[in-house]
Amino acid sequence: MAKGKAVICLMVLRICLLGANNVQSVSGRLSPEMRVPGEACSFNLSPEATSIRVYWTPPCTTNIRVKGYVIGYGVRIADVIKKTISKKAREYHIRHLEPNTQYVISIRAYSKFGDGPPLYKEVHTLEENSSNRMQGLTFLMMPPIGVRAVITGPHTATLIWMDPMLGRDQVRTDERVYMVRYRETGDMKFKTQQTPKDGAVVAGLMADTNYEFEVKTVKGAQESAWSLRVVNKTFGAVPGDFPHDLTVIPVPDDPSQVIVTWQPPRLPNGYIESYIIYYTADASSPLSHWSLLGSSGDRLTGRVLQLTPNTMYQFKAQVRNVWGFGPVSPAVAYKTTPALDIPVNIKTTSLTPNAILLTWQYPPHNVRTTSYHAQCLVQELGLIRIIETNKMYALFENLVTDEEYECVVNMVDGSTVGRRSAAVHGTARGF
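Calculation rules
Residues numbered from 1 in each chain as written. Predicted model: local features only at pLDDT ≥ 70, side-chain atom pairs only at ≥ 80, totals over all residues. Heavy atoms only, no water. Helix = DSSP H or I, 4+ residues; strand = E, 2+ residues; numbered from the N terminus. Buried < 20%, exposed > 50% of the residue type's maximum accessible area, 1.4 Å probe, protein only. Contact = heavy atoms within 4.5 Å. Areas by Shrake-Rupley, 256 points an atom, 1.4 Å probe, with all protein chains shown as cover. Salt bridge = Lys/Arg side-chain N within 4 Å of Asp/Glu carboxyl O. Disulfide = S-S within 2.5 Å. Pairing = 2+ DSSP bridges. Axes fitted to C-alpha atoms, helices over the stretch in contact; angles between N-to-C directions. Phe/Tyr/Trp six-rings, centres within 6.5 Å; stacked < 30°, edge-to-face > 60°. Polar contact = N/O pair within 3.5 Å; in protein donor to acceptor, adjacent residues only side chain to side chain. Core = buried A, V, L, I, M, F, W, Y, C linked by side-chain atoms within 4.5 Å. Patch = residues over 30% accessible without salt bridge, like charges linked within 9 Å, V, L, I, M, F, W, Y side chains within 5 Å. Lys, Arg positive; Asp, Glu negative; His and termini not counted. Charge placed at Lys NZ, Arg CZ, Asp CG, Glu CD.

1. Regarding the overall build of the protein
Thinking step 1. Helix and strand counts for the protein stand at three helices and 32 strands.
Thinking step 2. With 431 residues in all, the protein has 42% of them scored as buried.
Thinking step 3. Across the protein, the fraction of contacts at a sequence separation of at least 24, relative to all contacts at a separation of at least 6, is 60%.
Thinking step 4. Approximately 24,000 Å² of the protein is accessible, and the part contributed by carbon and sulfur atoms is 54%.

Here is the structure:
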């Protein structure tokens, strides 16, 4: 007991020696472990009819160790009843209160050296069976802060945030969850997912695309506002798909040419730089031996030349973006149309002042039965006469007298039209 008294005397003696004005400087030189905590950084109340929910965050002076919290309350008078709360708690539910009554609520943190300064708030409990039971809850649920969207791949992003209602330790002691919503920049519709953690992995994103992310806190029927929106762009990647609807179309009058069309890949994963069309008459050969046709990324059609008529070809397509090549499409088979020879010995004969007889002979190497497409025209006047026939002559009537006409013949087999013959000239001469 004497020893304790000696310590007290020494402290009093030191204060006396320093003077009353230096008492504050003594306490200011105490180490953080010997100080009491400061005020809570935030303090919010949510009234109900017979209860009040208290929310707070730890003191801003983080270098002082908090041992716990004291909640005080009373009807119009503070601290009539006090409750000691764990240092990990960030909320407390005061129950069994009177409806429609004014209460004074306090909160203070304490350490082993004593209680910190309290904060006080007045609140009015709601009327019993009030339709406004939830009034005031939403704004008291503070939205997550410090939201970050960390891109982890072409199709994934990791979201992290802090819940200001949980304080520095971010320890969740209730049933609260978090709702994440996201969308492509410019899109009107959000996608959502829910997580109980203070972070989430969002998958299934499009590569090389800007996305917007927001988070809110949900606790039972309570919801916070959405957090501030963050934007980030996913990484690019090689195309995840091949060009679709690869189609081969014959070119009229020329069986050695075809037109190839296609549609873009469903997963371009970035800006498309070019398309490549592969084709070959030898389906067993490796792709590196196939012929190539290149096309810019803004075109969906190309013309393949110098094919062999009446031959089966295989066609494939591939797309390339700035990151590399995508997969090759399945093969499309197409057989070029047979070649039609050109009629020979084409002659014109003037029969009347208004008629020309055009004659020709069957080509010597063509073994197919065909019809013919014959025409005579005057290009300067825009005059043209066309006759389709299965004979080896065509009679052009009602022509302009003494006007020179240019005449050609094509062989036709169904939808296949052969090359035009060399032009011959004829005149319907007057007598």
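Once the structure has been displayed, the description carries forward.
2. Observations regarding the pattern of salt bridges
Thinking step 1. Summed over all chains, the structure comprises 13 salt bridges.
Thinking step 2. Notably, a salt bridge pairs Glu 91 with Lys 219, separated by 2.3 Å at the nearest N-O pair. Taken as a pair, Glu 91 in strand β5 (residues 91–94) and Lys 219 in strand β14 (residues 210–219) lie far apart in primary sequence, 128 residues in all. Side by side, Glu 91 and Lys 219 carry an identical accessibility label, which is buried.
Thinking step 3. One salt bridge connects Arg 266 with Asp 241, and the closest N-O pair in it is separated by 4.0 Å. Taken together, the positions of Arg 266 in the loop between β18 (254–263) and β19 (272–280) and Asp 241 in the loop between β16 (230–233) and β17 (244–251) put the pair 25 residues apart, joining distant regions of the chain.
Thinking step 4. On the basis of relative accessibility, which here comes to 59%, the residue Arg 266 falls in the exposed class.
Thinking step 5. Judged by its relative accessible area of 12%, Asp 241 falls in the buried class.

3. Let's talk about the state of the cysteines
Disulfide: a covalent bond connecting the sulfur atoms of a pair of cysteines.
Thinking step 1. Inspection of the entire model under this criterion finds one disulfide.
Thinking step 2. Across the disulfide, Cys 376 is cross-linked to Cys 407 (sulfur-sulfur distance 2.0 Å). Between Cys 376 and Cys 407 the sulfur-sulfur dihedral comes to about 115°; the bridge is accordingly right-handed. Taken together, the residues span a long stretch of sequence, with Cys 376 in strand β27 (residues 371–378) and Cys 407 in strand β30 (residues 404–413) at a distance of 31 residues. Comparing Cys 376 with Cys 407, the two get one shared label, buried.

4. A look at the sheet that holds strand β13 (residues 199–202)
Thinking step 1. The three strands lie next to each other as β9-β10-β13, forming an open sheet whose pairing is antiparallel. In the strand order of this sheet, the two ends are held by β9 (145–151) and β13, each with one partner. In this sheet, adjacent strand axes meet at a mean angle of 15° when their direction is disregarded.
Thinking step 2. Summarising the sheet, strand β10 (residues 157–162) and β13 pair through four bridges and their orientation is antiparallel. Its bridge partner lying in β13, Leu 159 is registered against Ala 200.

5. Notes on the packing of aromatic side chains
Thinking step 1. Enumeration according to the criterion identifies eight aromatic pairs in this entry.
Thinking step 2. Look at Tyr 211 and Phe 213: their rings are 6.3 Å apart centre to centre, the planes differ by 35°, and that puts the pair in the tilted class.
Thinking step 3. Judged by its relative accessible area of 0%, Phe 213 is buried.
Thinking step 4. Summarising the aromatic geometry, the rings of Trp 262 and Tyr 275 are spaced 5.4 Å apart at their centres and angled 55° between planes, so their arrangement reads as tilted.

6. A look at the side chain of Thr 125
Thinking step 1. Locating Thr 125 in the fold gives a position in the loop between β8 (119–124) and α3 (137–140).
Thinking step 2. The class for Thr 125 is buried, based on a relative accessible area of 2%.
Thinking step 3. Polar contacts involving the side chain of Thr 125 include one to the main-chain carbonyl oxygen of Glu 98, which spans 2.7 Å.
Thinking step 4. Of note is the side chain of Thr 125, whose polar atom sits 3.0 Å from the backbone nitrogen of Asn 100.
Thinking step 5. Not counting residues up to four positions away in its chain, the partners in contact with Thr 125 are Pro 47, Glu 48, Ala 49, Ser 51, Ile 52, Leu 97, Glu 98, Pro 99, Asn 100, Thr 101 and Tyr 103.

7. A few points about the pairing of β19
Thinking step 1. Here β19 lies mainly inside the structure; eight of its nine residues are buried.
Thinking step 2. The pairing of β19 with strand β22 (residues 312–321) spans eight bridges and is classified as antiparallel. Its bridge partner being in β22, Ser 274 is matched across the sheet by Arg 320.
Thinking step 3. As paired strands, β19 and strand β20 (residues 291–296) are joined by six bridges and run antiparallel to one another. In the strand pairing of β20, Tyr 279 is matched with Ser 291.

8. Quick notes on the nonpolar core
A general feature of soluble globular proteins is that nonpolar side chains tend to end up buried together.
Thinking step 1. Of all hydrophobic cores here, the largest spans 20 residues; its most connected members are Ile 52, Val 54, Trp 56 and Ile 105.
Thinking step 2. Looking at this core, the elements that each hand over two or more residues are β1 (40–47), β2 (52–59), β3 (68–75), β6 (102–111) and β8.
Thinking step 3. Residues in contact with Val 54, not counting those within four places in the same chain, are Phe 43, Asn 44, Leu 45, Ile 71, Arg 90, Glu 91, Tyr 92, Ile 94 and Ile 105.
Thinking step 4. Trp 360, Val 378, Ala 394 and Val 424 belong to the second-largest nonpolar core, a separate cluster that totals 18 residues.

9. Remarks on a positive patch on the surface
Thinking step 1. On the surface, Arg 65, Lys 67, Lys 87, Lys 88 and Lys 112 cluster together to form a positively charged patch.
Thinking step 2. Mapping Lys 67 onto the fold places it in the loop between β2 and β3.
Thinking step 3. Residue Lys 67 is classed as exposed on the basis of its relative accessible area of 54%.

10. Some points on unusual backbone geometry
Thinking step 1. Its identity as a non-glycine residue notwithstanding, His 96 has a phi of 60°, on the positive side.
Thinking step 2. Summarising the element assignment, His 96 is placed in the loop between β5 and β6.
Thinking step 3. We note that Asp 208 has phi near 55°; this positive angle belongs to a residue other than glycine.
Thinking step 4. The topology assignment puts Asp 208 in the loop between β13 and β14.
Thinking step 5. On the basis of relative accessible area, Asp 208 is assigned to the partly exposed category, the value being 28%.

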